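Chain by chain, the residues run as shown.
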Amino acid sequence: MATAPLLEKPERPEKPAAPPSVTAARERRAARRRRSVREHLTAYGFLCAAVAVFALFSWWPIVRNVLLAFQHVNFATGNTWAGWDNFEKLFRDPLLATAWKNTGLFTAYALVLGFLVPFLTAVLLNEFRHARAYFRVLVYLPVMLPPVVVALMWKWFYDPGPGLINEILRTLHLPTSAWLDSSSTSLVSLVIVSTWANMGTATLIYLAALQTIPGELYEAAELDGANIWQRLRHVTVPQTRFVLLVLLLLQVVATMQVFTEPYVMTGGGPEDSTVTVMFLVYRYAFVYNDFGTASALSLLLLIVLAGFSGLYLRLTRGAGED
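Since the model is a prediction, treat every value here as computed from it, not as a measurement.

A. Inspection of the overall build of the protein at higher detail. Looking only at helices and strands, the protein features 13 helices and two strands. Radius of gyration (C-alpha) of the protein: 32 Å, far over the 20 Å computed for a compact globule of 322 residues. Each of the three principal axes of the protein carries a C-alpha extent, and together these read 135 × 75 × 35 Å. Going through the 322 residues of the protein one by one, you find that 34% of them count as buried. Positive and negative charge centroids in the protein, built from 26 and 22 side chains respectively, lie 11 Å apart.

Here it is, written out as structure tokens:
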């Protein structure tokens, strides 16, 4: 029986070649994708390196401090778990209340001087029409000096004998004072030094914020008969409110950690009137050789500052967005 011949499958027609313009466009898109992938990989590589360095030198010390706060630290034989012993020892120290009191007073005094003086200085500089750059450099100059140099210089200024301040007072036939040797004036004297040394940065930030205020607002206020204080209250302060709130928070956090001035200028005296929390941390760690209790105290300071910052941000939320 004859078999039917197999039907041959018809060959598919070949796809026509893409025009050269389409091929070139595809190649350009592929090249752009490859270049974009390389750029993203490079960016993420730099980002991962920065995060690793930040974690190593910022986050890990915080974690390590938390661990040390609950340990008896002994670098020779190794650390042992202490539980709450370090905190109990810390709260039994009568100097703890003094340190927190002095730190709170220092922060309060610093807010009166260190917050108002830079703002008023910036307002004054903003009124200048000539030599403004020179005065900006002059105001910022103390920030460029090393903090220890500033403390030693002011320590000589405050010297009750040949110190510059008392010499000026004698010349003016005014009573002199033992600035750093009296418990009634030592803390305020340190606040003056801290304000003078750190006001440059805040002043320049305030000045930059003031220069963004539209001049029409001041012109309208002057046409309405507002004097300089009324313009300051109703124009300047509302327009710079966000910057004021941010710098207020930063200043509180910074002044609560004051250490250089008490350490270099007074050593915590006289009569423990300048012992601050950070100075007490230094004493526990490097004088008493008790790193566990020092870590416990620094952890308490971290909790207080974090709590204050969170509450402050919650209370001022949206205050600078008007």
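B. The arrangement of the nonpolar core in detail. Ranked by size, the top nonpolar core spans 23 residues in total, and within it Ala69, Phe87, Leu90, Val275, Leu280 and Leu297 carry the most contacts. Going through the elements one at a time, α2 (85-91), α3 (95-127), α12 (277-287) and α13 (291-315) are the ones with two or more residues in this core. Ranked by residues supplied to this core, first place goes to α13 with seven residues. If sequence neighbours within four positions are ignored, Leu90 has contacts with Leu96, Tyr284, Thr293, Ala296, Leu297 and Leu300. Ranked by size, the runner-up nonpolar core spans 18 residues in total, among them Val123, Tyr206, Tyr218 and Ala221.

C. Geometry of the pattern of salt bridges. According to the stated counting rule, one finds three salt bridges in the structure shown. Here Lys89 makes a salt bridge to Asp290, at a shortest N to O gap of 2.5 Å. Linking Lys89 in helix α2 with Asp290 in the loop between α12 and α13, this pair joins segments that are 201 residues apart in sequence. With a closest N to O distance of 3.1 Å, Arg170 and Glu167 form a salt bridge. Of this pair, Arg170 and Glu167 both sit in helix α6 (residues 164-171), separated by three residues, roughly a single helical turn. The class for Glu167 is partly exposed, based on a relative accessible area of 37%.

D. A look at α12. All of the buried residues along α12 are Val277, Phe279, Leu280, Val281, Arg283, Tyr284 and Ala285. A positive phi of about 55° marks Asn289, the residue just after α12.

What counts, and where the lines are drawn
- Residues numbered from 1 in each chain as written.
- Predicted model: local features only at pLDDT ≥ 70, side-chain atom pairs only at ≥ 80, totals over all residues.
- Heavy atoms only, no water.
- Helix = DSSP H or I, 4+ residues; strand = E, 2+ residues; numbered from the N terminus.
- Rg over C-alpha atoms; globule rule 2.2 N^0.38 Å.
- Buried < 20%, exposed > 50% of the residue type's maximum accessible area, 1.4 Å probe, protein only.
- Lys, Arg positive; Asp, Glu negative; His and termini not counted.
- Charge placed at Lys NZ, Arg CZ, Asp CG, Glu CD.
- Core = buried A, V, L, I, M, F, W, Y, C linked by side-chain atoms within 4.5 Å.
- Contact = heavy atoms within 4.5 Å.
- Salt bridge = Lys/Arg side-chain N within 4 Å of Asp/Glu carboxyl O.

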